[in-house]
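Below are the chains, spelled out letter by letter.
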Amino acid sequence: MKLNHERIEKSWNPVRMKKAHFLARLRQGVALATALTFAIAPAISAMLAAPTAVEAAPQPVPITGGCNVNSARGQIQHVIYIQFDNVHFTRDNPNVPSDLEQMPNLLNFITGNGVLMTNHHTPLKSHTADDIITSLTGVYGERHGMPVSNSFGWFTPPGSKFFDGFASSFQYWTDIVNAATDPNYFMITPDGKNAPAPWVPWTRAGCNVGAVSIANMELENVAGDLQSVFGSDPTELAAALAEAKANRAQAIADFEGIAIHCAAGDPVCSTSNHGEPDLLPQEPGGYAGFSALYGHTFVAPVISSGGPLKGLDGNVITDVSGHVGFPGFGGISAAQTLSYVAAMQEHGVPVTYAYISDAHDNHAHDIATAPAACASDPELALGNALGPGDVCYVAQLAAYNEAFGKFFADLAAHGINQNNTLFVVTADEGDHYAGGPPFNAGCDGVTVPCNYINTSTGKSVVGEFDGNMTGLLATEQNITSTFDIQFDMVPVFYVAGNPPTGDPLARSFERAAANLTAVNPLTGNTDQLTAALADPVELKLLHMVTGDPQRTPTFIMFGNPDYFFSTGSPNCNSPCVFQSPGFAWNHGGIQSEIVNTFLGMAGPGVRNNRIDDVWSDHTDIRPTMLALAGLQDDYSSQGRVLAEELHHWALPDAIGDSGDEFVELARAYKQINAPNALLGRDTLRMSTRALASGSAGDDSTYTQLENQLTAITSFRDSLAGQMFDLLEGAEFHNQRIHGRDARQLDFEAQRLLGYVHSLASGHGDHGDH
């Protein structure tokens, strides 16, 4: 969840192509969800049974301004990218329709006009900031700087205090971590430069780009960002700082969360509209002469000149306290986000990136207009979180569904539809529901609300288990040395003194974490608290070591998804584990319900494959979008074009000319390079075994496994680099892939996968695989 930073947290038919043999080993859980008949909710079933498309305008409406995308046949004139927070395609309760099932206006639009990819994955850690930024940039955290999110810590320089606390991962693109103790960019490349910004290829092509609550493309914190963007305009800066001092809430509504990055010289960002220089001083190839509008206070008059901007629910957009403007990151609803997007698209901003908050949190306290059903929800009366099928959860999804219906109708009335617009819809990550089952088993939420409150005790079974890591380590494992963690279900450890990898102090923490247990407050069973462990050796393989060595942690503990960890007293005089009914949806971890999400695409060039299970992850979104638009980045991504989901005529010629070789090579590349694919999963098993092994007197198993992981990473990086060069050459440089080259690299990838799987299974090195 993206909070307001308070809880830092061609004749060739690719669809029928044979699949490489290793795909048989992929998880098949999504196939079961796809086969569901939706019989639980008749009203939803009826809508899903008829995947009607929005009526198309007779002729595509020409794009406004000088936006010169170079799509096949010139059909893409608008781009709409929407990223949900924690919205699910698969069911959290088998009887309760999933989030997307309860939004048929969206689900039918995607499956009726394009494809919903249900075997789509996050990077690691699977948290909002990392996931969104990876999706926006097409690179993993090692190359954008935020693999640990939604906050991260950093070690201070030698001679100062060991640790300088935590910073939110949500920062404007050019912000610095800390001028005194870590003067690096938040968004940082491996060589220490500011990461390339995602709006650049669009604005260079003459397209204005709108940002609505999406990570780091607009101002995120008035406290620090005002100077960054208004620094060259003393009058505007003084006024904004004065407002922030006198009325911080109104300043947040005025300046945070909304922006338009304009093409060079575009009148939307003129000085008369309060346009400011769009400064990207380290952008490859330079970025001079561009301007931007920052904040609702300057964007709204451009996109809603007739009066205050209203949400698609008819209400003026405000925060929860009634301040007109941006409603806040934590609870921005579909009606609000989609209103911004539609208004931008209809007023000279043909490319938009937008974020919509989840539907399962209690937004009755976050947005000014919550569904009426929420007012009488017994869980909310107790201040509790919402379980699957809860009456308010279902009502919020119904409101989202209504908003999408109005959104598509409004766009169509303005000539913006699937015939001239590329729609991309995804979620940052999934969640794990932490809590007990409903007491009325068989409830579906839609016709029969699910009840999680024990009528005898008045207590709810909804809620994660909060764990005091300090107390657990001290009482269970006799670990009392100084450390800090990122509070999360996946605690990130920073041990005092920043001990190097393999240091005895670091090893003592890692062994201790591997053995942590707790008595489950609901079941009384003893739970293992650690699912996996990774130190910097494995983190490098998972693309999680950045260009700022100060933020590299000692190790990461991927935890039990029912638990959320923080620090506290070094004892358990107060219970070290207790249930917290206010929070019930955990993510960050490696569990399938968290890392497996969805990707929907519709529009010119996208095949109507309806629901498909091609393996993909967030890095694949950007190269696919740019290939469809006929544009190119000034850097290489780490993803691949999802050719299986595109028409032959929409593909770059070299991909089509490469035939089967491109797709087979691309699929093999993903399985060795993506953090949540086969190689990453197997090496994480090896890493966990390594970190849990040994003793102060004998750490030979650890040393052997770590050396193997280092060698695997080196070989993988070399092989993946060769594979990517061929893929990128076909995607963006008109270089056909020759079958012999592709087959040899595919063969090497299969050998690597087999060898590592053998090691992960504990069989050792059996020679040639």
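Let me begin by describing the structure that accompanies this report. (Residues numbered from 1 in each chain as written. Predicted model: local features only at pLDDT ≥ 70, side-chain atom pairs only at ≥ 80, totals over all residues. Heavy atoms only, no water.)

Now for the side chain of Glu 731. With respect to the helices and strands, the residue Glu 731 is situated in helix α23 (residues 700-732). No salt bridge forms around the buried Glu 731; measuring N to O, its nearest opposite-charge neighbour Arg 640 is 6.6 Å away. Within polar-contact distance, the side chain of Glu 731 engages the backbone nitrogen of Val 641 at 2.8 Å. Each residue touching Glu 731, except ones within four places of it in the same chain, is listed here: Arg 640, Val 641, Pro 652, Ile 655 and Phe 662. (Helix = DSSP H or I, 4+ residues; strand = E, 2+ residues; numbered from the N terminus. Buried < 20%, exposed > 50% of the residue type's maximum accessible area, 1.4 Å probe, protein only. Lys, Arg positive; Asp, Glu negative; His and termini not counted. Salt bridge = Lys/Arg side-chain N within 4 Å of Asp/Glu carboxyl O. Polar contact = N/O pair within 3.5 Å; in protein donor to acceptor, adjacent residues only side chain to side chain. Contact = heavy atoms within 4.5 Å.)

Judged by pairing direction, the sheet is antiparallel, and its 4 strands sit side by side in the order β15-β16-β20-β19 without closing on themselves. In this open sheet, the two edge strands, each paired with only one partner strand, are β15 (483-486) and β19 (530-534). With strand direction ignored, the average angle separating the axes of adjacent strands in the sheet is 25°. In terms of strand pairing, strand β16 (residues 492-495) meets strand β20 (residues 555-559) through 2 bridges, oriented antiparallel. Bridge pairing links Phe 493 to Phe 555 in β20. Relative to the sheet, helix α15 (residues 469-477) contacts β15, β16 and β20, its axis offset from that of β15 by approximately 130°. Helix-sheet contacts for helix α22 (residues 678-692) involve β19 and β20, and the interaxial angle to β19 is about 90°. (Pairing = 2+ DSSP bridges. Axes fitted to C-alpha atoms, helices over the stretch in contact; angles between N-to-C directions.)

Now for unusual backbone geometry. A cis amide bond links Leu 124 with the next residue in sequence, Lys 125, at an omega value of -15°. Note on placement: Lys 125 falls in the loop between β2 (114-121) and α4 (128-137). Geometrically, the link from Ser 149 to Asn 150 is a cis peptide bond, its omega value of 15° lying close to zero. Following the sequence through the fold, Asn 150 ends up in the loop between α5 (141-144) and β3 (151-155). For His 543, which is not glycine, the phi torsion reads 65° and is therefore positive. Following the sequence through the fold, His 543 ends up in the loop between α17 (536-541) and β20. The exposure class assigned to His 543 is buried, which follows from its relative accessible area of 3%.

Read these as geometric descriptors, not functional statements.
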